[in-house]
Amino acid sequence: MKADAGFTLFELVAALAIAVPLLAALAVAVREETEAYRIARQRDALESGFFRVEKLLERVILDSESSSWAPLFRIHQNGKVRFADGSMNPVLQVATKRQPSRFSDAITSAALAVEHTLSIVSGELNGEVFSVRACPRYTFTAKAPTIRSFLGLTADAMFEVLPSQQKIQLGRECRNFRLRATTSMFTLKASSRDLEAMRFLVPIEELRTLYVDRNKEFRYLGHRGDKNIENQALAAGIKTIRLRQDLILPWKIPFLAGSIEENAPARHEFQFIGSVARSAHFNFIANSP
C-alpha cells in the first residue's frame, strides 16, 4: 500500500510539473487575448466617438448649404460662448462641470426651413410687439416643421424674432403672429424700425451650439432667442476641439476645419468644404416665386 501511495504521489508531482507550465502559458495567452480585445474595443469606441462628433460638426456646413445667404456659423474660441452682440451666454454661469472648457472651441449654427418661408402681408407695431399676418411663400406638400423662432428679413438686414407661442406647427394656411425682437446667438437684435421693415419670416428649425464641457463631454446647447432651451451630452471623453473657418475665394465657399482630441490621447483632423457660394440675401427677397 505504501508503494502504491508513493507511486501515486510521484505521478501527481509529474502531472503537476507538466500541467503548471501549460496552465501558465494558457493564462498568459488568455490575458493577452483579453488585453487585445480591450484595446480593440477602446479603439472602436474612440473611432466611433470621433465619427459621431465629426458628423455633428459636418451638419454645420450642410446647414449652410440650404441657405447660402443666411448668417454663417460662429466659432467661439476657448469656450467663450457669447451672443452675436458680444454678451455672455448663460451657459458660462451654469454648474461648473457643464460650463464650456476654456481649452476647447465651440460653434453655433442654425438650420433654416427656407422652403416654408412666410411672406408678411400686413403688420402693425404696438410698443415692442409687431403683430403680423403672414402667408406661405411657396406651395409645398411636405409636412411643415415645428419651430420656435423665425429669421426675419428686411431689404438690408436679418435678425431672429420670437413668436408669442413657445412652439409653432406651421401649415399651408396664412397665420397671425405676435413677434418681438430678441438678443440672439445668430444675429444682432432688431430695432423697432427693423421690425416694421420686415417682409419675410424664415422658420428656424434648430439653433444650437456644440461645445466640450469641463467634464470632457461633447454637448448640444439649444437656443431660442436669449434663452437656452436644451443642454444634453452627446459624447464622452472628448478633451478638446479646435476649429477654424474661412471663405474660399473668389467663390466665397465656406470652409470649416479643425481637430478633435480624445483622452487616450488621440487626435483626429477633419475639414469640410461647402459646395454653394455665399450670396446676398437681397437676391432671395427680390426673386419672388
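Residues numbered from 1 in each chain as written. Predicted model: local features only at pLDDT ≥ 70, side-chain atom pairs only at ≥ 80, totals over all residues. Heavy atoms only, no water.

> I tried to follow the overall build of the protein chain on my own but got confused; where do I start?
Along the protein chain, the regular secondary structure elements total three helices and 15 strands. Per-residue burial for the protein chain yields a buried fraction of 42% across its 289 residues. Carbon together with sulfur atoms contributes 55% to the accessible area of the protein chain, which is approximately 15900 Å² in total. (Helix = DSSP H or I, 4+ residues; strand = E, 2+ residues; numbered from the N terminus. Buried < 20%, exposed > 50% of the residue type's maximum accessible area, 1.4 Å probe, protein only. Areas by Shrake-Rupley, 256 points an atom, 1.4 Å probe, with all protein chains shown as cover.)

> Looking at this structure, how should I read the state of the cysteines?
Cysteine pairs can be linked by a disulfide, which is a covalent bond between their two sulfur atoms. In this structure the tally under the stated criterion is one disulfide. Across the disulfide, Cys135 is cross-linked to Cys174 (sulfur-sulfur distance 2.0 Å). Between Cys135 and Cys174 the sulfur-sulfur dihedral comes to about 110 degrees; the bridge is accordingly right-handed. A residue pair is termed long-range when its members are at least 10 positions apart, and Cys135 in strand β4 (residues 129-136) and Cys174 in the loop between β8 (168-169) and β9 (175-181) qualify at 39 residues. You can call Cys135 buried: its relative accessible area is 16%. (Disulfide = S-S within 2.5 Å.)

> Would you take a moment to explain the pairing of strand β3 (residues 118-126) for this structure?
Where a strand is regular, its side chains alternate between the two sheet faces. Sheet topology places β3 next to β4; eight bridges connect them, and they run antiparallel. Bridge pairing links Leu125 to Phe130 in β4. In this structure, the hairpin formed by β3 and β4 is closed by a connection of two residues, where Gly127 is found at a positive phi of approximately 65 degrees. Examined bridge by bridge, β3 and strand β10 (residues 200-212) share two bridges and lie antiparallel to one another. The partner of Ser119 across the bridge, within β10, is Phe200. (Pairing = 2+ DSSP bridges.)

> Even after reading the chapter, I still don't get the sheet that holds strand β13 (residues 238-248), so can you show me in this structure?
In spatial order, the strands read β13-β14-β15; together these three strands make up an open sheet with antiparallel pairing. The sheet is open, and its two borders are formed by β13 and β15 (266-273), each paired with just one other strand. Neighbour to neighbour, the strand axes of the sheet diverge by 15 degrees on average, direction disregarded. Two strands pair when backbone bridges link them, and strand β14 (residues 253-262) and β15 are joined in this way by eight bridges, in the antiparallel orientation. If you follow Glu262 over to β15, its bridge partner there is Ala266. (Axes fitted to C-alpha atoms, helices over the stretch in contact; angles between N-to-C directions.)

> For this particular structure, what's the right way to read empty space enclosed by the protein?
If a probe as big as a water molecule is rolled over the atoms, it shows which places are left empty. Summed over all chains, the structure comprises one cavity of 30 Å³ or more. For the largest cavity, the calculated volume is near 80 Å³. Val60, Asp63, Ser64, Ser67, Ala70, Pro71, Leu72, Phe73, Ser109, Ala110 and Phe186 are the residues that line the largest cavity. Secondary structure elements with two or more residues in the lining of the largest cavity: α1 (2-65) and β2 (106-112). The element that contributes the greatest number of residues to the lining of the largest cavity is α1, accounting for three residues. When the residues that make up the lining of the largest cavity are grouped by side-chain class, the tally is seven nonpolar, three polar and one charged. (1 Å grid on protein atoms, 1.4 Å probe; cavity = no way out; pocket = protein on both sides within 12 Å on 5 of 7 lines; lining within 4 Å. Points joined across faces, edges and corners; volume = space filled by probe spheres on them. Nonpolar A, V, L, I, M, F, W, Y, C, P; charged D, E, K, R; others polar.)

> I keep staring at the packing of aromatic side chains and nothing clicks. Help me out?
Note on aromatic pairs: each is described by the distance of the centres and the angle between the planes. Overall, the coordinates contain four aromatic pairs when judged by the stated rule. With centroids separated by 4.7 Å and ring planes inclined at 25 degrees, the aromatic side chains of Trp69 and Phe284 adopt a geometry described as stacked. Separated by 215 residues along the polypeptide, Trp69 in the loop between α1 and β1 (74-76) and Phe284 in helix α3 (residues 281-286) bring together distant segments of the chain. Judged on exposure class, the residue Trp69 and its partner Phe284 are both buried. (Phe/Tyr/Trp six-rings, centres within 6.5 Å; stacked < 30°, edge-to-face > 60°.)

> Would you mind going over the pairing of β14 with me for this structure?
The element β14 is extensively covered by neighbouring structure, given that 10 of its 10 residues are classed as buried. Of the two faces of β14, the one lined by Ile253, Phe255, Ala257, Ser259 and Glu261 and the one lined by Pro254, Leu256, Gly258, Ile260 and Glu262 are each fully buried. Where β13 lies against β14, 10 bridges are found, and the strand directions are antiparallel. For Leu247, the partnering residue across the bridge sits in β14 and is Pro254. Remark: four residues form the turn of the hairpin made by β13 and β14, two consecutive strands paired antiparallel; Lys252 in that turn has positive phi of roughly 60 degrees.

> Explanation requested: the pattern of salt bridges in the structure shown.
Working definition: two side chains of opposite charge can pair if their charged atoms are close together. Summed over the entire model, instances satisfying the criterion amount to nine salt bridges. Of the charged contacts in the structure, one is a salt bridge between Arg59 and Glu206, with a shortest N-O distance of 2.7 Å. Here Arg59, found in helix α1, pairs with Glu206, found in strand β10; they are 147 residues apart in sequence, far enough to count as distant. Put simply, Glu269 and Arg267 hold a salt bridge, and the shortest N to O gap is 2.9 Å. Assessed through its relative accessible area of 49%, Glu269 is described here as partly exposed. (Salt bridge = Lys/Arg side-chain N within 4 Å of Asp/Glu carboxyl O.)

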